[in-house]
Amino acid sequence: MPLTAGIVGLPNVGKSTLFNAVTNSKVEVANYPFATISPNTGVVEVNDNRLDVLTEMFKSEKTIAATFEFTDIAGLVKGASKGEGLGNQFLANIRECDAIVHVVRCFDDPEILHVDGSVDPARDVETINFELIFADIDSVNKRISKVEKKAITTKDKESVVEYEILKKYKEVLEKGLPARSVELTKEQNVVAKSFQLLTSKPTIYVANVSEEDMENPNSNKYFQELCKIAENEKSQIVPICAKMEEEISQLDNDERKIFLKELGVDESGLDKVVKSAYKILGLSTFFTAGVKESRAWTFKNGSNAPKCAGIIHTDFEKGFIKAEIYSYEDLIKYGSEQSVKEHGRFRLEGKEYIVQDGDVVHFRFNV
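What you are looking at is a predicted structure, and each value in this text was computed from that prediction instead of being measured.

So, on to the overall build of the protein. Across its full length, the protein holds 14 helices and 12 strands. Taking 2.2 N^0.38 as the reference for a compact globule, 367 residues should give roughly 21 Å; the C-alpha atoms of the protein span a radius of gyration of 23 Å, in line with that estimate. Considered along the principal axes of its C-alpha atoms, the protein spans approximately 65 × 65 × 30 Å. Within the protein, the proportion of its 367 residues that are buried is 49%. Long-range contacts, defined here as pairs at least 24 residues apart, represent 68% of the contacts in the protein between residues at least 6 apart.

In structure tokens, the structure reads:
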């Protein structure tokens, strides 16, 4: 199952416009709440210049980029956790995502309605976060009612562990803090994943600013306000102009590069959002390269060679023998795979090897 990020926010903050840009697709965008009445899912290619270089060096017939899935989740409103608006349905959609991309409006425009009548990032963030927290409190309380008696009376080991974690979450959530602020052991984290708490998911704040403010987002008072919120939560923040990003996404690659160069940047705001999603989810990229194709593969940081082989095909993991590996940096430094070998930078690694970002890999296996 692909890793996914859910795009959330109040109605009319630019979520669907951002989604159009992310996927270069068309979903309904209208100037009224609940224009999006069901989640829209799209897959975006992860732009990585290293893959283009590999394709050129190996004269590959095909180039296959890594992909990342985004879901556009309809606008939440106050009371969503109690079923207001279309809340329950959308909260369930968020629960299925690995990360949250929280779009916050940071521009004034009298022609674009705001559900609360004015632009106020702190209030808007609080509205969304409180709805997620209220939903999590409800989930935690229901789960506690199921395990508490068993944990206290029979001392069932699994129930005791679960109950202790749930009590920690309850205490923090009732203070108005997200579940991700609770510190858990590695073992407790494994158990906690099954809870699927909304506020345990890593979050990226996307500040949707005007085109004029993109050159210097820090001059925008709303962006400054959102930066403080992100810093306090230890979350990431990316400034973008969703409308401009949608326009960029309609250009072909050459036009896109020219446009970005004119703006004085190397990558679009959307590329930054994807990179931020990779970072908060602890993801990296390894490559396979040859005449037939050069391809980027996404893996979880800390994965060993057999685990990464299994990303390509389960048989590769089952029958793993060795991995032929060298780094992308060495390939660029020495100019060819043969030269990498001649300089002793070509390695054979076994089952314990932890794959690194930028590794170029050929797996040996037998089934």
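This brings us to the side chain of Asp271. Within the secondary structure layout, Asp271 lies in helix 10 (residues 269-280). If we skip the residues at most four places from it in the chain, Asp271 touches Asn47 and Arg256.

Once that is clear, we can look at the pattern of salt bridges. Tallying each qualifying case throughout the model produces 14 salt bridges. Between Asp271 and Arg256 there is a salt bridge; the shortest N-O distance is 2.8 Å. A residue pair is termed long-range when its members are at least 10 positions apart, and Asp271 in helix 10 and Arg256 in helix 9 (residues 253-263) qualify at 15 residues. A residue is classified by how much of its surface remains accessible, and Arg256, at 18% relative accessible area, is buried. As a salt-bridge pair, Glu324 and Arg364 come within 2.8 Å of each other at their nearest N and O atoms. Of this pair, Glu324 sits in strand 10 (residues 320-327) while Arg364 sits in strand 12 (residues 359-365), placing them 40 residues apart in sequence. By relative accessible area, Arg364 is classed as partly exposed at 38%. Linked through salt bridges whose partners overlap, the residues forming this network are Asp48, Arg50 and Asp357.

This paragraph deals with the sheet that holds strand 6 (residues 203-208). Taken together, 6 strands build an open sheet; the order of strands is 2-4-1-5-6-7 and the sheet is mixed. Only two strands of the sheet have a single partner each, and these edge strands are strand 2 (40-45) and strand 7 (236-240). Recorded for the sheet is a direction-independent mean angle of 25° between the axes of neighbouring strands. Of the strand pairs in this sheet, strand 5 (residues 99-105) and strand 6 are connected by 6 bridges, and their pairing is parallel. Bridge assignment links His102 to a residue of strand 6, and that residue is Tyr205.

One non-glycine residue, Lys59, lies in positive phi territory at about 55°. Taking relative accessible area as the criterion, Lys59 reaches 63% and is therefore assigned exposed. The phi torsion at Lys155 lies on the positive side, around 55°, for a residue other than glycine. With respect to the secondary-structure elements, Lys155 resides in the loop between helix 4 (121-154) and helix 5 (157-173).

With that out of the way, let us pick up the pairing of strand 5. Within strand 5, 7 of the 7 residues are buried, which leaves the element mostly enclosed by the surrounding structure. Side chains Ala99, Val101, Val103 and Arg105 of strand 5 all project onto a buried face; the interleaved residues Ile100, His102 and Val104 project onto the opposite face, where all are buried too. Here strand 1 (residues 4-8) runs beside strand 5; their pairing, made up of 4 bridges, is parallel. By the bridge assignment for strand 5, Ile7 is matched with Val101.

Another point: the nonpolar core. Leu18, Phe68, Phe70, Ile94, Val101 and Val206 are the most contacted members of the largest nonpolar core, which totals 49 residues. Per-element accounting of this core gives the leading share, 5 residues, to helix 10. Apart from the residues lying within four places of it in its own chain, the contact partners of Leu18 are Ile7, Val101, Val103, Val206, Ile240, Ala242 and Leu270. Counting residues in hydrophobic clusters, the runner-up holds 18 residues, among them Ala151, Val172, Leu173 and Ala192.

Regular strands place side chains that alternate from one sheet face to the opposite one. Counting buried positions along strand 6 yields 6 of 6 residues, so the element is predominantly enclosed. Here strand 6 shows two buried faces, one formed by Thr203, Tyr205 and Ala207 and the other by Ile204, Val206 and Asn208. Note that strand 6 and strand 7 share 5 bridges and pair parallel. Bridge pairing links Tyr205 to Ile237 in strand 7. Assessed by its sense of winding, the connection that carries the chain from strand 6 through helix 7 (residues 221-233) to strand 7 is right-handed.

Turning next to the environment of Ser284. Here Ser284 shows up in strand 8 (residues 283-289). Assessed through its relative accessible area of 10%, Ser284 is described here as buried. Put simply, Ser284 and Arg345 are 61 residues apart on the chain and 21 Å apart in space, counted from C-alpha to C-alpha. Those residues in contact with Ser284 that lie beyond four places of it in its chain are Tyr278, Trp297, Thr298, Phe299, Asn301 and Asp357.

About the thresholds
Residues numbered from 1 in each chain as written. Predicted model: local features only at pLDDT ≥ 70, side-chain atom pairs only at ≥ 80, totals over all residues. Heavy atoms only, no water. Helix = DSSP H or I, 4+ residues; strand = E, 2+ residues; numbered from the N terminus. Rg over C-alpha atoms; globule rule 2.2 N^0.38 Å. Buried < 20%, exposed > 50% of the residue type's maximum accessible area, 1.4 Å probe, protein only. Contact = heavy atoms within 4.5 Å. Salt bridge = Lys/Arg side-chain N within 4 Å of Asp/Glu carboxyl O. Pairing = 2+ DSSP bridges. Axes fitted to C-alpha atoms, helices over the stretch in contact; angles between N-to-C directions. Core = buried A, V, L, I, M, F, W, Y, C linked by side-chain atoms within 4.5 Å. Right-handed = clockwise from strand over helix to strand, strands pointing away.

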